[in-house]
Protein chains: 2
Amino acid sequence: MINIIEFINKENLTLASIKALKKSNIIISYSKDFESLVDFIDSSAEIFFIDSNEDADLSDLSILADLNVKACELAISKSFEGENVSLISNEFLKFGFSNLIYQIASKYSQKTEINILPTVSAVDYTSSIAGAPLDDFVAINFANYLIPDSEIINKIDSSLKANFILAIYNPNSNKELFNKFKDLALEIRKDAIIVIVDVEDNSKEIISLNQLDDSYIKESSFLIVGNKATYIEDNLMITPRSYVIRNEIISYTREFFEKYLNNESPRGFDHDCEYLPCHSDMEACDFCYCPFYPCGESSTGGKWIKDKNVWDCVGCTWIHKENVDNCIREGIDGILNEVEDLNLKKEELLRVRRECLLKTK
Amino acid sequence: MINIIEFINKENLTLASIKALKKSNIIISYSKDFESLVDFIDSSAEIFFIDSNEDADLSDLSILADLNVKACELAISKSFEGENVSLISNEFLKFGFSNLIYQIASKYSQKTEINILPTVSAVDYTSSIAGAPLDDFVAINFANYLIPDSEIINKIDSSLKANFILAIYNPNSNKELFNKFKDLALEIRKDAIIVIVDVEDNSKEIISLNQLDDSYIKESSFLIVGNKATYIEDNLMITPRSYVIRNEIISYTREFFEKYLNNESPRGFDHDCEYLPCHSDMEACDFCYCPFYPCGESSTGGKWIKDKNVWDCVGCTWIHKENVDNCIREGIDGILNEVEDLNLKKEELLRVRRECLLKTK
């Protein structure tokens, strides 16, 4: 049998992987990974180091791929002799063994049990360091050296346009691709927030996309690009999800939306309003009261007044842009039929908010 | 402190999660998840069940979201009292706590340490059951009920077009979305291979997309759509990656490519060839000898002759389609300058193969 054991680090090993490791009498591993796992390896197990040739340049993808092929061939031949083999690789290795072992095993008529041990993914691991950046996302490997750059660029382009979060493995392994990624991201998602996690020392840098330059990206970097709702708070990168707050509708709000529903509320910028100046950057007063209040979502500038259970919108000027208001007016038409719908149809309203966020941000 | 512990099942818990669980004196959990982890929970810990109201319909996303909010509020208030809290959720829960806990914690001025324990992802877990289907992929959650269907449909559409692998969480939770997904996939990637893993009993069904109907999809299903290179072998779903085989160039191949490079080899279908009929479905004989041989990649019909180290292309008719040959001729121009390049520039040639696969399959 062959166990394919991918891992991040010792603490993030699974019980199933440890059990498989302990039972193995043959261990095939890069030397660095072996050191991390030596506590779980039977002292009588025979060890084969994939990188036993010290001159091998593991940053050369072609050399790395060849070494991986040899490691798989060795694992298969040992398993045919009846041995219990663990083939170890690190999730941050530029490409792992899972796919390859099946491709190579199919050369032989003799069958061997292949046991892929699922692992904590690099995406989940780096996310937990960054904060909680994930929602629908794509994972793209820049070290995927048999995929033409044109295909990867197309993947980057379409996932940026579709508001995916992007998780990029090995951003440093293809400079041309990295520069193209940067250009596309600046063009399509210029306000994006990104995190670069150094997987060697678990440090992170959360920056806006336009601050990104080559100096941030090292051999051990992992990069995540947020979506249009991602925000930074307390040096954490957070993508809001699934949070619905239903509030008592106060009398001012009620009055405003009764007027709104009767087409009596202001449109565009209301020069005569007695409360001016209210926010800076005002373009439109259509939603002097916000139909999504409280959204509990900081990406447009709102925030909690601490300990008061009050959502403060003063920092949110998004709702006062003309194109935003037009989008919202159109979106809530047919949903908001009476004032109570502000609560009763909150989910539908928040979907309209999201739709307009995508169109206008 | 609050530990956010997501998990798949007991065997796939990480050491870090177990350590955090054992130290917690407050456990907040859905009852089902608690049962799986009870062995790792201190007997003196105080337990709060999120679904203590037995009538709560957890398949109702709105009810589930509200329960999650309450669970986060409870975790935060207990942590403010100095307790060590673990908030447990299952990776297959329709949406987890990581993002929410940060959103809710920001209501308070008091700080609490939030410790997100990374977990084996549902994508990695179901992949290990399916075989080795992953390469660049997208993860999309059909239970993401605050995201408008239009956004999710756009994500599906663009990721199918860009040759991503698609991993779909909770395909059963939005029927309309599921039907739209099916239509789009049949239109854009009609030959796609998909796997449906039942995460309750770890069973899998690997089928082609046109076999997919509602009967395959249950509450506990997880779905993965392969890319254009994905193939099935021995009831496993495999996406080939990073495999480069360099072979001795035999005399027939050498002769053929010498002619090819001198523009003396056949173009289109060669009616007069003495070896006809060779394959079925022949359209073009331009690559009577394949410039990618051996590709070691079964998605176009090739396979290993077992135990002979010989790659058998009889089943691959892809290379004999007219549009394919035109694509390859164009692609290898400038790369294949002399016969030795078949080996020396194998990686570049395989990228051309991939490019043409995307354009023509």
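Look up: the structure comes first, before these words.
Computed from a predicted model, the values in this text were never measured in an experiment.

Caption draft 1: Looking closely at the state of the cysteines. Summed over the entire model, instances satisfying the criterion amount to two disulfides over all chains. There is a disulfide in this structure between Cys327 of chain A and Cys356 of chain A, and the S-S distance comes to 2.1 Å. With the S-S bond torsion at -90°, the cross-link from Cys327 of chain A to Cys356 of chain A turns out left-handed. One end of the pair, Cys327 of chain A, is in helix H9 (residues 322-332); the other, Cys356 of chain A, is in helix H11 (residues 346-360), with 29 residues separating them in the sequence. Among the residues examined, Cys327 of chain A registers a relative accessible area of 12% and is labelled buried. Classification of Cys356 of chain A by relative accessible area gives buried; the value is 1%. Considering cysteine sulfurs only, Cys313 of chain B is the nearest to Cys290 of chain B, which forms no disulfide, with 5.9 Å between them.

Caption draft 2: Main features of helix H8 (residues 251-261) of chain B. Residues and elements named next belong to chain B. Of all the residues in H8, the buried ones are Thr253, Phe256, Phe257 and Tyr260. The buried residues of H8 occupy an angular sector of 90° when the element is viewed end-on, so they sit on one face. The secondary structure elements touched by the buried residues of H8 are helix H9 (322-332) and helix H10 (341-344). Of the residues flanking the end of H8, it is Asn263, one or two places downstream, whose phi is positive at about 60°.

Caption draft 3: The sheet that holds strand S11 (residues 221-225) of chain A, seen in detail. On the basis of which strands lie adjacent, the open sheet formed by ten strands has the order S10(A)-S9(A)-S11(A)-S8(A)-S7(A)-S7(B)-S8(B)-S11(B)-S9(B)-S10(B) and mixed pairing. Only two strands of the sheet have a single neighbouring strand rather than two, namely strand S10 (203-208) of chain A together with strand S10 (203-208) of chain B. On average, each strand axis in the sheet is tilted by 15° relative to the strand beside it, whichever way the strands run. Bridge analysis of strand S8 (residues 165-169) of chain B against strand S11 (residues 221-225) of chain B gives three bridges, and the strand direction is antiparallel. The residue of S11 of chain B that forms the bridge with Leu166 of chain B is Val225 of chain B. Across the face of the sheet, helix H5 (residues 122-130) of chain A comes into contact with strand S7 (137-141), strand S8 (165-169), strand S9 (193-198), S10 and S11 of chain A while running at roughly 75° to S11 of chain A. Across the face of the sheet, helix H6 (residues 149-161) of chain B comes into contact with strand S7 (137-141) and S8 of chain B while running at roughly 160° to S7 of chain B.

Caption draft 4: Structural view of the packing of aromatic side chains. Under the criterion given, the structure shown has 27 aromatic pairs over all chains. A centroid spacing of 5.0 Å and a plane angle of 90° characterise the contact between Phe256 of chain A and Phe257 of chain A, whose relative ring orientation is edge-to-face. A residue is classified by how much of its surface remains accessible, and Phe256 of chain A, at 8% relative accessible area, is buried. Overall, the relative accessible area of 0% leaves Phe257 of chain A in the buried class. Taking the centre distance of 5.2 Å and the plane angle of 40° together, the rings of Tyr260 of chain A and Phe287 of chain A count as tilted. Within this pair, whereas Tyr260 of chain A is found in helix H8 (residues 251-261), its partner Phe287 of chain A is found in the loop between H8 and strand S14 (303-305), the two being separated by 27 residues in sequence. Members of the aromatic cluster, each reached through a chain of ring pairs, are Phe256, Phe257, Tyr260, Phe287 and Tyr289 of chain A. Sitting over the face of the ring of Phe164 of chain B, Lys155 of chain A holds its NZ or CZ atom 5.6 Å from the ring centroid. Over the aromatic face of Trp304 of chain A sits the side chain of Lys107 of chain B, whose NZ or CZ is 4.9 Å from the ring centroid.

Caption draft 5: Expanded view of the relation of the copies chain A and chain B. Turning chain A through 180° and shifting it by 0.0 Å along the axis lays it on chain B, with an RMSD of 0.0 Å. Put plainly, the chains are arranged around a two-fold axis. When the interface residues of chain A are mapped onto chain B, 100% of them again lie at the interface, so the same face is used by both copies.

Caption draft 6: Fine view of the side chain of Arg354 of chain A. Within the secondary structure, Arg354 of chain A is located in helix H11. Note on Arg354 of chain A: relative accessible area 8%, which makes it buried. With sequence-adjacent residues up to four places away left out, Arg354 of chain A is seen in contact with Asp135, Asn163, Asn227 and Ala229 of chain A together with Leu146, Ile147, Pro148, Glu151 and Lys155 of chain B.

Caption draft 7: Examining the environment of Pro148 of chain A more closely. Structurally, Pro148 of chain A is set in the loop between S7 and helix H6 (149-161). Setting aside its immediate chain neighbours within four residues, Pro148 of chain A contacts Arg351, Arg354 and Glu355 of chain B.

Caption draft 8: Broad picture of the pairing of S9 of chain A. Residue and element names in this part refer to chain A. Extensive coverage of S9 is indicated by the burial of six of its six residues. The pairing of S9 with S10 spans six bridges and is classified as antiparallel. Looking at the pairing, Ile196 lines up with Glu205 of S10. Linking S9 to S10, which pair antiparallel, is a turn of four residues; within it Asn202 sits at a positive phi near 60°.

Caption draft 9: Region of interest: a nonpolar patch on the surface. Residues and elements named next belong to chain A. On the surface, Tyr293, Ile305 and Val310 cluster together into a nonpolar patch covering about 220 Å² of accessible area. Relative to the helices and strands, Tyr293 resides in the loop between H8 and S14. A relative accessible area of 32% places Tyr293 in the partly exposed class.

What counts and what doesn't
Residues numbered from 1 in each chain as written. Chains lettered and ligands numbered in written order. Predicted model: local features only at pLDDT ≥ 70, side-chain atom pairs only at ≥ 80, totals over all residues. Heavy atoms only, no water. Disulfide = S-S within 2.5 Å. Helix = DSSP H or I, 4+ residues; strand = E, 2+ residues; numbered from the N terminus. Buried < 20%, exposed > 50% of the residue type's maximum accessible area, 1.4 Å probe, protein only. Arc of directions from axis to C-beta. Contact = heavy atoms within 4.5 Å. Pairing = 2+ DSSP bridges. Axes fitted to C-alpha atoms, helices over the stretch in contact; angles between N-to-C directions. Phe/Tyr/Trp six-rings, centres within 6.5 Å; stacked < 30°, edge-to-face > 60°. Lys NZ or Arg CZ within 6 Å of the ring centre and 35° of its normal. Least-squares fit on C-alpha atoms with pLDDT ≥ 70 in both. Patch = residues over 30% accessible without salt bridge, like charges linked within 9 Å, V, L, I, M, F, W, Y side chains within 5 Å. Areas by Shrake-Rupley, 256 points an atom, 1.4 Å probe, with all protein chains shown as cover. Salt bridge = Lys/Arg side-chain N within 4 Å of Asp/Glu carboxyl O.

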